[in-house]
Amino acid sequence: MKKIVPICAAVAAAAMMLSISTPAMAMGGPSGPHVTYPVQGNIGEVIVNPYKVAPLTAVIRDAGYDLSDVTVRIVPKTNGQEITYKVSRTELKTHAGIPVFGLYPDWQNTVEVSYTRTFQGKSEKFKDTYRFYVPSVYTVSTGMPNQVKPFEVKPVHVDPDFSDRLYLINSQLMSTMPVGSRFVWNNPSGGAVEWAFNSNIGIIDTKGEVRWWLLDQEIGDNENPWKSGYFMGFQQTKDGALTWGYGQNYCKYDLIGRKVYDRRLPSGYSDFSHSFDNAQNGHSFLRVGSADYRRADGRRVHTVRDVIVEIDQDGRVVDDFRLMEILDPYRDNVIKTLDQGAVCLNIDASKAGQTISAAELAEMDKSDNFGDVVGVGAGRNWAHVNSVDYDPTDDSIIISSRHQSAAKIGRDKKVKWILGAPDGWKKGWAEKVLQPVDKDGKPIKCENGKCEGNFDWTWTQHTAYRIDEMSDADTLILSVFDNGDGRGLEQPPLAEEKNTRGEIYKIDQKKMTVQQLWEVGKDLGHEYFSPVTGITKYMADKNSVVVFYSTAGLLGPSAGPNVKEEPAHPYLTEYRWGETKPAVELKINSVMGYQAFPISVEQAFTH
């Protein structure tokens, strides 16, 4: 007769065999006292990618113990970069265990954890070693032949005292996703809903290894107009989490992938992109467009990159800055000199070197041709604001307007100063243009977009940030990324004459003067020229300046007959304050970069 084994006995036997093959087992759990889980150390199980969006993270569960004095070490590969950090009680309680950050993809990782374990009043110290596999990072395919794996990074140079750096890279592959490009949001097109780029968001170390990755498709959805959009405007907050926006949303997640919030823009606004500033007053300033703006001629339009909305911690609108009513939306001096291959977000290398005429702009203004198109007036890409920074000393904002200038605007919606060529500014704005001076305070003569000596304005710039640690109510130190297109209000005879710079300016807000303190990039030439995007940002922890030449090589062979054919290859550099030789230089192959900056692990896990 065939012996029948009760199901419960079979399960028990299987569990016994499993327990023999694993280092240790944790008893109990919500399913009953007989359920066991494999564990390696002296607490709970390892949960890889606990929140489904950050695959290079994990949580080692506390197994019901009270943990304290926790230190985590990710054991590096041979000649790799070590990541070590302490974990606060808040983080331990938030994640019900020890958060693990900085794992290698497609690798059998080794993680060392030291901690104090307390149970029933008894405390014991442990040091455990965990070994577990983490799979490769994943990005969707664009269906195009130029796509490569994310973040092929080549370290060019890294000084030893910068070797501990971790950099967040905000980039995209070279093609949009075809599902998102089917949406038409404006007339004839334009707006963040159509910018269905594949968002490649990761953190790299100075060895070129990816140590954190964001699964953008688990948060956004390029087939859903309300969830579509390219992830932009990343910033690390005081509590170590990340904020950014995409399309019609803005959000906050911590580095382990836990969602703090993910909200729709308030109803009157649309098309977030580029900039999300967490201000000292506790509010956030988002660069958006107006969802329904009535022009002076009565036409109602979606505006393009020309509204700053201020939102409180509960998502309520505190104020907004409608730049088409603050600046001159019909100033066209810069727009007429732009390289039409890289004016809007959609790059068209076939138009490299071409410009638009005053007659063409005038004809467009008569039409109903609205959207992300070259033009003047509300409803077209006349401003292209790409950064916002709050100044708490006078409750004002500093904007970087690619198609106009950097400017400071007060709470009263009045322009305080303009950093840019004076050409084309009418009365009411012309008086606000800063006067360039040399180191001795003597005025520098400027005419037709050009200045004497070494002083130069910024051209089609991205990012204008106040360096808080060096600024006060009277003197403002400003970092600017000078893309360099249309420099001197013209296109050069040869494309290889273009260059991009990182800049530091000193602004005397009482005397209305500006002095150029520092520049890099000019001598690097066209190899580093970035026609769009980029960032220059001061980092207080190392008294340094990050300059990300984010779209170097973007226009490729179409940029001119003497430019070698090579795909986009951003350069990420970091300079000690006042120096012009980089302490860090990393080359990133075959991606279109947006921004990059150092990430503080300590800020994320010890707050």
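Residues numbered from 1 in each chain as written. Predicted model: local features only at pLDDT ≥ 70, side-chain atom pairs only at ≥ 80, totals over all residues. Heavy atoms only, no water.

This next bit is on the overall build of the protein. Looking only at helices and strands, one finds four helices and 42 strands in the protein. When the 607 residues of the protein are sorted by exposure, 58% land in the buried category. A separation of at least 24 residues holds for 60% of the contacts in the protein among residues at least 6 apart in sequence. Split by element, the accessible area of the protein, about 25000 Å² in all, is 50% carbon and sulfur. (Helix = DSSP H or I, 4+ residues; strand = E, 2+ residues; numbered from the N terminus. Buried < 20%, exposed > 50% of the residue type's maximum accessible area, 1.4 Å probe, protein only. Contact = heavy atoms within 4.5 Å. Areas by Shrake-Rupley, 256 points an atom, 1.4 Å probe, with all protein chains shown as cover.)

With that out of the way, let us pick up the nonpolar core. Most often, soluble globular proteins keep nonpolar side chains buried together rather than apart. Counting residues in hydrophobic clusters, the biggest one holds 69 residues, and the most contacted among them are Leu-286, Ile-397, Ile-399, Leu-419, Trp-457 and Leu-478. For this core, the secondary-structure elements that each account for two or more residues are strand E21 (284-290), strand E24 (307-311), strand E27 (385-391), strand E28 (396-401), strand E29 (406-409), strand E30 (415-419), strand E35 (475-482) and strand E36 (501-508). The residues touching Leu-286, leaving out its near neighbours within four places in the chain, are Tyr-250, Leu-265, Phe-272, Ser-275, Phe-276, Val-307, Ile-308, Val-309 and Ile-311. Counting 68 residues, the second-largest nonpolar core is a separate cluster that includes Val-72, Leu-103, Tyr-130 and Trp-212. (Core = buried A, V, L, I, M, F, W, Y, C linked by side-chain atoms within 4.5 Å.)

Of all five residues in strand E38 (residues 535-539), four are buried, a share of seventy percent or more. Across five bridges, the pairing between E38 and strand E39 (residues 544-549) is antiparallel. Each residue of the ladder has a partner; that of Lys-537, found in E39, is Val-546. Hairpin geometry of E38 and E39 is characterised by an intervening segment of four residues between the two adjacent antiparallel strands and by a positive phi of about 50° at Asn-543. (Pairing = 2+ DSSP bridges.)

Turning to the pattern of salt bridges, a few remarks are in order. Using the criterion set out here, one finds 46 salt bridges in the structure. Where Arg-89 meets Asp-66, a salt bridge forms, and the shortest distance between an N and an O atom there is 3.2 Å. One end of the pair, Arg-89, is in helix H2 (residues 89-94); the other, Asp-66, is in strand E5 (residues 66-74), with 23 residues separating them in the sequence. Residue classification places Asp-66 among the partly exposed positions, given a relative accessible area of 25%. Where Asp-297 meets Arg-299, a salt bridge forms, and the shortest distance between an N and an O atom there is 2.8 Å. (Salt bridge = Lys/Arg side-chain N within 4 Å of Asp/Glu carboxyl O.)

For Asp-216, the location among the structural elements is in the loop between strand E14 (210-213) and strand E15 (232-236). The buried charged residue Asp-216 lacks any salt bridge partner; its closest oppositely charged side chain belongs to Lys-227, at an N-O distance of 12 Å. Discounting residues that sit within four places of it in the chain, Asp-216 has contacts with Asn-198, Ser-199 and Phe-231. (Lys, Arg positive; Asp, Glu negative; His and termini not counted.)

Attention now goes to the state of the cysteines. Scanning the model with the defined rule gives one disulfide in all. In this model Cys-446 forms its disulfide with Cys-451; the gap between the sulfur atoms is 2.0 Å. Around the S-S axis, the bridge from Cys-446 to Cys-451 shows a dihedral of about 110° and counts as right-handed. The exposure class assigned to Cys-446 is partly exposed, which follows from its relative accessible area of 21%. By relative accessible area, which is 17% here, Cys-451 ends up buried. (Disulfide = S-S within 2.5 Å.)

Once that is clear, we can look at the pairing of strand E16 (residues 242-246). Among the five residues of E16, five are classified as buried, and the element is accordingly described as predominantly covered. One ladder, built from three bridges, connects E15 with E16; its direction is antiparallel. Note on E16: the bridge partner recorded for Met-232 is Gly-245. In sequence, E15 turns back onto E16 through a hairpin of five residues, with Gly-240 there showing a positive phi of about 90°. Direction of pairing for E16 relative to strand E17 (residues 249-253): antiparallel, over a ladder of five bridges. Paired with Leu-242 across the bridge in E17 is Tyr-253.

In this section: the sheet that holds strand E7 (residues 97-101). What the three strands build is an open sheet, ordered E3-E4-E7; its pairing is antiparallel. Looking at strand neighbours, the two that pair on one side only are strand E3 (46-48) and E7, the edges of this open sheet. Each neighbouring strand pair of the sheet contributes to a mean axis angle of 20°, computed without reference to strand direction. Pairing of strand E4 (residues 57-61) with E7 involves five bridges; the strand directions are antiparallel. Residue pairing across strands places Arg-61 opposite Gly-97, the latter belonging to E7. (Axes fitted to C-alpha atoms, helices over the stretch in contact; angles between N-to-C directions.)

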